[in-house]
Amino acid sequence: MRIRTYRTVVLGSGAAGLCAALRLDAEGVKDFCVVTEGLNLGTSINAGSDKQTYYKLGLCGSALDSPRAMAESYLTAGGADGDLALVESATSPRAFFHLANLGVPFPYDAYGQYAGYKTDHDPAKRATSCGPYTSREMCRAMIREVERRNIAVFEGELAVELTTRYLGEENGVPKRKVVGLIAIDAKGEPIVYRAENVVFAVGGPGGLYKTSVYPEAHVGSIGLAIEAGAATKGLPDGQFGLASFTDLANRKIKASAPFVPKEFRWNVSGTYMQVVPKFISTDADGVSNPREFLREYFDDLGDLFGRVFLKGYQWPFDARKVFGGSSFIDLCVFRETTVRGRRVFLDYRADPEGFSLDALPDEAREYLEKSGAAIPVPFARLQKMNPSAIELYRDWGLDLATEPLEIAVCAQHCNGGLDVDCRWRSVNVEGLYPIGEVAGTHGVARPGGSALNAGQVGAFRAAAQIAREASTNPGESEPTTLSLDEAYSSGLAKDPEISNLVRRVAKLATRARRARLAGVDWRRELEEIRTETTRVAGILRSGKELASASSAATEQWRRLTSESEPFELALDDGYRFDADERETLRVFQLFYARATLLRACWIYSASKVGSRGSSLAISPEGRTISEKFPEDWRALDEDPKYRDMALCAWTRTVDGEIETEARWRATRPIPEPDDWFENVWRDFRDGTIYR
Ligand SMILES: Cc1cc2nc3c(=O)[nH]c(=O)nc-3n(C[C@H](O)[C@H](O)[C@H](O)COP(=O)(O)OP(=O)(O)OC[C@H]3O[C@@H](n4cnc5c(N)ncnc54)[C@H](O)[C@@H]3O)c2cc1C
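Digging into the site of the ligand
1) Next: Lining the immediate surroundings of the ligand are 37 residues, of which E37, S44, T53, S221 and E437 lie closest.
2) Next: Within the side chain of E37, an N or O atom sits 2.7 Å from an oxygen atom of the ligand.
3) Next: Its free accessible area being 1,000 Å², the ligand has 97% of it covered by the protein chains.
4) Next: Contributions of two or more residues to the shell around the ligand are made by α1 (15-26), β7 (158-170), β16 (405-414) and α12 (450-472).
5) Next: It is α12 that contributes the most residues to the shell around the ligand, three residues altogether.
6) Next: When grouped by side-chain class, the residues that make up the shell around the ligand number 14 nonpolar, 20 polar and three charged.

Printed below as a string of structure tokens:
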């Protein structure tokens, strides 16, 4: 067993974690390291989309933009804090140019202007992109720089516990303090990190849903912080949309990816929809009984084709676009797959039955005409408008000219997460800095591209705060790595925090061993929870189902961690976790996160928040969505009172039971600080800006 002491540990090496490492180094902090499962893992380096977007302040042409105007666009859908929105807007140019200066190829014109385009929920042209793999380009540029600066990175280590100490209660909220982390390396060796600060950059809850466009290489670890007592905010506000998933067995793959998955996943946005492909569904075998199931819901074919076209630039499922809008298509796909158990495919080989250009709404027809794609057959239209969209699938061994593409409504992003203040500190765990997707800085919906910006801005803010605290309270020491025996002989193990961490390793080993002795099959448990989470906490949510799923989730936790065979493993320096025990601990934190998510979704339902963002609240008091849907699919309208509120929750485990406490709080408005230059300068010099 190794014991490492670092004042600050950055956990995770996605776009957010890498940026935090670079910024800590740039701010002069030396006593820190990065701990990660792998530089090639996580969402940022493995995900992409048609034109993967980065959102920042407008930097081109004569259109005026300002941090405040940009912050206002973050607030339109509700549930977002104004101070976080202002910081993300104001810091976006700095974070963006940091990336551009590291060599991320964001396009600019002959005069150095970074042109932009409009993205979802964006009134101005603030979005930019460097192609389908913007976040991968960001990671690669930052990894090069991390290596160039010789920053300490411990790869192949999976954190299985964030350890905190209880400090007391403040206004009914339990306060805690970071003590360190426990990780297990690829050989099963436990590693204890004693740290005052953890920059928690573990990404979104990618492993929670079965139907998901998160890359396979990303599971996420928000459960570690939740189990350690960190407060969450807006957990139910996720983002879902239509995406393909292609089994790669027996396919000839040309694509070069940092991590080769078993299944290639991709959002079918943009031109994939604008060419109006045929939607077919089949029995579970993927071939029998094919039918164009969307026709069942439409009397007017022009309306059907028009809504499919619109999905091109209205990608996320949006509760406001269900009645008469493009998100109705997602609901039909959801019903076909999740409720009827059929499989759905996009077929580009022939036009949908009854398709004609004349039947299309003007907007769609004119778009195709202007693009020179007013021609028969979706494949030919796609080839005309975006040949690289075809090439992308060919690289993964699938030819859209000869076979259909399987799709479903997939989980893609979590807008909620851990609750942070405007310096990206956890609101109730001292020393914890959640950044990136795990930080709940967005509201009900967010402008496309703002997730990548938020991760960079969070990293800037956390690093600046840690550097500031280190300068006012130096005490930096040389990082150390000792074995357990050395720690005892040097007296280090007498430090109560370190002996507590070592005891926690024994507890974790006991938890994993007990699960094994009780015959827990983590693969089966995981499969079950993913299927169930997709069914009850996806785009359609019923209070009744959430109530029973939420109780089942806490019951699962109790069963898996039950101490029916009490024993405590005694550990020595040579103790190793085997691969199954390591995975068991990884999925345990997911189960914890899932129990908290379902509880929060149930509270939304019980509070009658209604349909908003990427989910529809199903209730007998709701409106009929379509006569063709089951009678109980009635959508409750959004209650606007909740737009200016956020659901904050924290949990604790008592006698094996997960207890969740939750409260609605008013969201913070956009601040209107004094911007008189001399005063800002004084506060900057005095360090008042860090308080
Ligand atoms: C298909 C798709 C398309 C998207 N398109 C866009 C877009 O166009 N614009 C946009 O803004 N956003 C987009 N997003 C969202 C965005 O990509 C993510 O929110 C962002 O990349 C998350 O970055 P991150 O650094 O927070 O986490 P990640 O990149 O997921 O990194 C997490 C890191 O933590 C490590 N880690 C996790 N748990 C542990 C543990 N227990 N121990 C050790 N290491 C651990 C992981 O290995 C990884 O290194 C998209 C997402 C998807 C899935």
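A look at the side chain of T596
1) Next: With respect to the element layout, T596 can be found in helix α17 (residues 579-607).
2) Next: With relative accessibility at 2%, the residue T596 sits in the buried group.
3) Next: A distance of 2.9 Å separates the side chain of T596 from the backbone oxygen of Y592, its partner in a polar contact.
4) Next: Every residue in contact with T596, bar those within four places of it in the chain, is listed here: I226, L235 and T651.

Observations regarding the sheet that holds strand β23 (residues 634-635)
The pairing of strands in a sheet happens through backbone hydrogen bonds and is either parallel or antiparallel.
1) Next: Strand order in the open sheet formed by three strands is β21-β22-β23, and the pairing between neighbours is mixed. Taken across any chain shown, the strands that pair with only one partner, and hence form the sheet edges, are β21 (540-542) and β23.
2) Next: Direction of pairing for strand β22 (residues 616-624) relative to β23: antiparallel, over a ladder of three bridges. Directly across from T624, in β23, lies its bridge partner R634.
3) Next: Contacts from helix α16 (residues 543-560) reach β21 and β22 within the one sheet, and its direction differs from that of β21 by about 75°.

Side note on the environment of M273
1) Next: With respect to the helices and strands, the residue M273 is situated in helix α6 (residues 271-274).
2) Next: Residue class for M273 comes out buried when judged on its relative accessible area of 0%.
3) Next: In the structure, M273 is positioned 73 residues away from L346 in sequence and 9.3 Å away in space, judged by C-alpha atoms.
4) Next: When neighbours within four sequence positions are excluded, M273 is seen to be in contact with L242, V268, F279, V308, F309, K311, G312 and L346.

Section: the domain arrangement of the chain
1) Next: Domain boundaries in the chain define domain 1 (2-46 + 94-105 + 134-237 + 413-484) and domain 2 (239-411).
2) Next: Inter-centroid distance (C-alpha atoms) of domain 1 to domain 2 is 36 Å.
3) Next: Listed by partner, the interface residues are 16 residues for domain 1 and 17 residues for domain 2.
4) Next: Taken together, both faces of the contact between domain 1 and domain 2 bury some 1,500 Å²; the carbon and sulfur share is 54%.
5) Next: Three residues stand out in domain 1 for area buried against domain 2, namely T211, V213 and E216, and they jointly supply 42% of the buried area on that side.
6) Next: Counting every contact that joins domain 1 to domain 2 gives zero salt bridges.

With respect to the side chain of T337
1) Next: Topologically, T337 is positioned in helix α8 (residues 327-339).
2) Next: Looking at T337, its side chain comes within polar contact range of the side chain of T338, at 3.4 Å.
3) Next: Beyond its immediate sequence surroundings of up to four residues, T337 is in contact with R342, V344 and I407.

Description of empty space enclosed by the protein
1) Next: For the structure shown, the criterion picks out six cavities of 30 Å³ or more.
2) Next: In this structure, the largest cavity spans a volume of roughly 150 Å³.
3) Next: Lining the largest cavity are 17 residues, with P205, Y209, L235, C414 and L597 positioned closest to its centre.
4) Next: Of all elements in the fold, only β12 (238-247), β16 and α17 reach the threshold of two or more residues within the lining of the largest cavity.
5) Next: With four residues, β16 is the largest single contributor of residues to the lining of the largest cavity.
6) Next: No fewer than three residues from each of domain 1 (2-46 + 94-105 + 134-237 + 413-484) and domain 2 (239-411) sit in the lining of the largest cavity.

Topic: unusual backbone geometry
1) Next: Despite not being glycine, N289 shows a phi value in the positive range, around 50°.
2) Next: Turning to its location among the elements, N289 is positioned in the loop between β14 (278-282) and α7 (301-310).
3) Next: Of note, V377 is a non-glycine position whose phi angle comes to about 75°, a positive value.
4) Next: Among the structural elements, V377 can be located in the loop between α9 (362-370) and α10 (378-385).
5) Next: By relative accessible area, V377 is classed as partly exposed at 27%.

Observations concerning the packing of helix α14 (residues 496-517) against α17
1) Next: Two elements in contact, α14 and α17, have axes whose closest approach is 9 Å; the angle formed by their N-to-C orientations is 100°. One way to sum up the angle between α14 and α17 is to call them roughly perpendicular. The residues of α17 that touch α14, namely those facing L508, R511, A512, R513, A515 and R516, are D580, E581, T584, L585 and F588.
2) Next: Taken together, the residues that form the contact of α14 with α17 break down as five nonpolar, one polar and five charged.

Concerning helix α11 (residues 387-395)
1) Next: Of all the positions in α11, only A389, I390, L392 and Y393 are classed as buried. Viewed along the axis of α11, the buried residues span an arc of 155°, placing them on a single side of the element.
2) Next: At its buried positions, α11 is contacted by β12, β13 (263-267), α6, α10 and β16.
3) Next: Directly after α11, the chain includes G397, whose backbone phi takes a positive value near 85°.

Quick look at the pairing of strand β3 (residues 32-36)
1) Next: Most of β3 sits inside the fold, with five of its five residues counted as buried.
2) Next: Across the two faces of β3 the burial is the same, with F32, V34 and T36 and C33 and V35 all buried.
3) Next: Taken together, the four bridges between strand β2 (residues 8-11) and β3 define a ladder with parallel strand orientation. Bridge pairing in β3 places V9 opposite C33.
4) Next: Crossover handedness for the path β2 to α1 to β3: right-handed.
5) Next: Pairing geometry for β3 and strand β6 (residues 153-155), over three bridges, is parallel. Bridging from a neighbouring strand, V35 pairs with F154 of β6.

Reading guide: rules and limits
- Residues numbered from 1 in each chain as written.
- Predicted model: local features only at pLDDT ≥ 70, side-chain atom pairs only at ≥ 80, totals over all residues.
- Heavy atoms only, no water.
- Near = heavy atom within 4 Å.
- Polar contact = N/O pair within 3.5 Å; in protein donor to acceptor, adjacent residues only side chain to side chain.
- Areas by Shrake-Rupley, 256 points an atom, 1.4 Å probe, with all protein chains shown as cover.
- Helix = DSSP H or I, 4+ residues; strand = E, 2+ residues; numbered from the N terminus.
- Nonpolar A, V, L, I, M, F, W, Y, C, P; charged D, E, K, R; others polar.
- Buried < 20%, exposed > 50% of the residue type's maximum accessible area, 1.4 Å probe, protein only.
- Contact = heavy atoms within 4.5 Å.
- Pairing = 2+ DSSP bridges.
- Axes fitted to C-alpha atoms, helices over the stretch in contact; angles between N-to-C directions.
- Domains from an automatic or database assignment.
- Buried area = accessible area lost by both parts, 1.4 Å probe.
- Salt bridge = Lys/Arg side-chain N within 4 Å of Asp/Glu carboxyl O.
- 1 Å grid on protein atoms, 1.4 Å probe; cavity = no way out; pocket = protein on both sides within 12 Å on 5 of 7 lines; lining within 4 Å.
- Points joined across faces, edges and corners; volume = space filled by probe spheres on them.
- Parallel < 35°, antiparallel > 145°, perpendicular 65-115°, else oblique.
- Arc of directions from axis to C-beta.
- Right-handed = clockwise from strand over helix to strand, strands pointing away.

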